[in-house]
Amino acid sequence: MRPEISSRIISRIKILGQINISERRLPQDGRVTFKLGKQIIDVRISTLPTGSGERVVMRMLGKQNQLIKLNVVLIISIQILIKKLCQMAEAISQRIEKKAP
């Protein structure tokens, strides 16, 4: 991945985890909690300095600190993404219809 893209992604992850985005020389930890489907997910975020920038590690845990299977997260995430894309397409088509004479 290109460095300018990876640094933007890392900054966004740090913001979500309430981690200082300007500090890149020290390891840092943070967390974010969100709802995915019916499950509450706790994401623990760690950043580590490397010779070429930073590395981010994210651990996804369920309510009782049990690991969440990645395939379950991916399936639910894809379903949410498809739903949002459909909503966006519908909103765009409604705007186009309003502008048409």
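Please refer to the structure higher up on the page.
A short note on the nonpolar core
- Counting residues in each nonpolar core, the largest one holds 5 residues, listed as I13, I19, I41, V43 and I45.
- Looking at this core element by element, the count peaks at 3 residues for strand β2 (residues 39-50).
- When near neighbours in sequence (up to four residues on either side) are disregarded, I19 contacts K14, Q28, D29, G30, I45 and T47.

Some remarks on the pairing of β2
- Where β2 lies against strand β3 (residues 53-61), 9 bridges are found, and the strand directions are antiparallel. Residue pairing in the sheet places P49 in a bridge with E54 of β3.
- Counted along the chain from β2 to the antiparallel partner β3, the turn is 2 residues long.

Describing the side chain of Q28
- Tracing the sequence through the fold places Q28 in strand β1 (residues 28-36).
- Given a relative accessible area of 15%, Q28 falls into the buried group.
- At 3.2 Å, the side chain of Q28 forms a polar contact with the backbone oxygen of N20.
- A distance of 2.9 Å separates a polar side-chain atom of Q28 from the backbone oxygen of E23.
- Beyond its immediate chain neighbours, meaning those up to four positions away, Q28 contacts K14, I19, N20, E23, I45, S46 and T47.

The rules we used
Residues numbered from 1 in each chain as written. Predicted model: local features only at pLDDT ≥ 70, side-chain atom pairs only at ≥ 80, totals over all residues. Heavy atoms only, no water. Core = buried A, V, L, I, M, F, W, Y, C linked by side-chain atoms within 4.5 Å. Buried < 20%, exposed > 50% of the residue type's maximum accessible area, 1.4 Å probe, protein only. Helix = DSSP H or I, 4+ residues; strand = E, 2+ residues; numbered from the N terminus. Contact = heavy atoms within 4.5 Å. Pairing = 2+ DSSP bridges. Polar contact = N/O pair within 3.5 Å; in protein donor to acceptor, adjacent residues only side chain to side chain.

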